[in-house]
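# Reading the structure
Chain by chain, the residues:
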Amino acid sequence: DAKTTQPNSMESNEEEPVHLPCNHSTISGTDYIHWYRQLPSQGPEYVIHGLTSNVNNRMASLAIAEDRKSSTLILHRATLRDAAVYYCILRAPNNAGNMLTFGGGTRLMVKP
Amino acid sequence: DAGVIQSPRHEVTEMGQEVTLRCKPISGHDYLFWYRQTMMRGLELLIYFNNNVPIDDSGMPEDRFSAKMPNASFSTLKIQPSEPRDSAVYFCASSLLRGSPLHFGNGTRLTVT
């Protein structure tokens with residue numbers, strides 16, 4: 001799977017939107033972009049994924065650049081419970097193992 | 001749905017002892033994964049199963065590590081003998097189909113003294 005680059009950490013104020021960036025310049029045409037987050041003392045949890053079009057769900061929105069070399073996870077109103085490490089992962093459809101390869105992620109801190 | 005269940009939540013053992021970590025995946029999920037997380041190396045995939053069959057164990061660090069999945073509702077990860085450098089949080093995850101999101105348990109924190 002291709003590599004992603006994320007900032008090590010970001011800060012946000014409670015109830016403000018948060019934009020978490022991810023660069024993936026070597027993405028292939030068929031790689032899906034997945035986001036997971038890991039809350040303190042818990043296992044990672046799925047947030048959202050997409051291929052080309054922007055995606056929305058109850059947790060977040062995913063904005064994908066037109067050239068697909070970058071994407072942004074958007075939390076519309078950050079809460080203290082959103083403080084976590086956010087992982088951006090590329091996943092090939094022919095990934096026979098259905099595996100996820102985690103990078104370092106972005107540690108999001110939310111200030112009250 | 002209870003999610004992926006791991007036990008024990010914490011394990012403290014002495015070097016040289018055998019350690020067995022347990023995982024119950026979500027019912028109906030075809031894939032099961034074992035990951036390890038440390039500060040130094042982050043989250044690493046150790047092994048995964050598809051329909052109870054081990055598919056890729058290239059992430060298993062040494063012969064001291066072994067994993068089994070005797071049936072669709074249970075898997076174990078065994079370390080024998082354990083060493084201090086095995087101290088980490090071990091996560092089990094399952095997914096329904098290839099390409100489906102992974103569902104993780106809350107992990108087992110292993111400390112080997």
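The structure this text deals with has already been given above.
As a further point, take the overall build of chain A. Scanning chain A from terminus to terminus reveals 0 helices and 9 strands. Starting at the N terminus and walking to the C terminus, you meet the elements of chain A as β-β-β-β-β-β-β-β-β. For chain A, whose C-alpha radius of gyration is 13 Å, the value lies close to the compact-globule estimate of 13 Å for 112 residues. Along the first, second and third principal axes, the C-alpha atoms of chain A reach 40 × 30 × 25 Å. Scored against the burial criterion, the 112 residues of chain A give a buried share of 45%. Counting contacts in chain A only where the partners sit at least 6 residues apart, residues at least 24 apart contribute 58% of the total.

With that settled, consider the sheet that holds strand 5 (residues 55-56) of chain A. Residue and element names in this part refer to chain A. Pairing is antiparallel in the open sheet, where 4 strands are placed in the order 2-7-6-5. If you trace the sheet from one side to the other, it starts and ends with strand 2 (18-23) and strand 5, each paired once. Pairing of strand 6 (residues 61-64) with strand 7 (residues 70-75) involves 4 bridges; the strand directions are antiparallel. Within strand 7, the residue paired with Leu62 across the bridge is Leu73.

Okay, the packing of aromatic side chains next. When we look at a pair of aromatic rings, we describe it by the centre distance and by the angle of the planes. Residue and element names in this part refer to chain B. In the structure shown here, the tally under the stated rule is 11 aromatic pairs over all chains. Aromatic side chains Tyr31 and Phe33 sit 6.3 Å apart centroid to centroid with 15 degrees between the ring planes, which places their arrangement in the stacked category. Relative to Phe104, the ring of Tyr35 lies with its centre 5.5 Å away and its plane at 50 degrees, an arrangement referred to as tilted. Pair noted here: Tyr35 is in strand 4 (residues 31-38) and Phe104 is in strand 10 (residues 103-104), with a separation of 69 residues, a long-range link. Taken as a pair, Tyr35 and Phe104 share a single burial class, namely buried.

So, how was this worked out
- Residue numbers here run from 1 along each chain, matching the order of that chain's written sequence.
- Written order determines the labels here, with chains lettered from A and ligands numbered from 1.
- The predicted origin of the model limits local features to residues at a pLDDT of at least 70 and limits the giving and counting of side-chain atom pairs to 80 or more, whereas totals for whole chains, interfaces and linings rest on all residues.
- Excluded from the side-chain calculations are hydrogens and water; all other atoms, namely the structure's heavy atoms, are used.
- What counts as a helix is a DSSP run of H or I of at least four residues, what counts as a strand is a run of E of at least two, and both are numbered from the N terminus.
- We compute the radius of gyration over the C-alpha atoms and compare it with the globule rule, which gives 2.2 Å times the number of residues raised to the power 0.38.
- Partly exposed describes any residue whose relative accessible area lies between the buried limit of under 20% and the exposed limit of over 50%, with all areas from a 1.4 Å probe on protein chains only and scaled to the type maximum.
- Every residue pair with non-hydrogen atoms within 4.5 Å of one another is taken to be in contact.
- Two strands pair if DSSP finds at least two bridges between them.
- Working definition: rings of Phe, Tyr and Trp (its six-membered ring) pair if their centres are within 6.5 Å, and the pair is stacked with planes under 30 degrees apart, edge-to-face with planes over 60 apart, and tilted otherwise.

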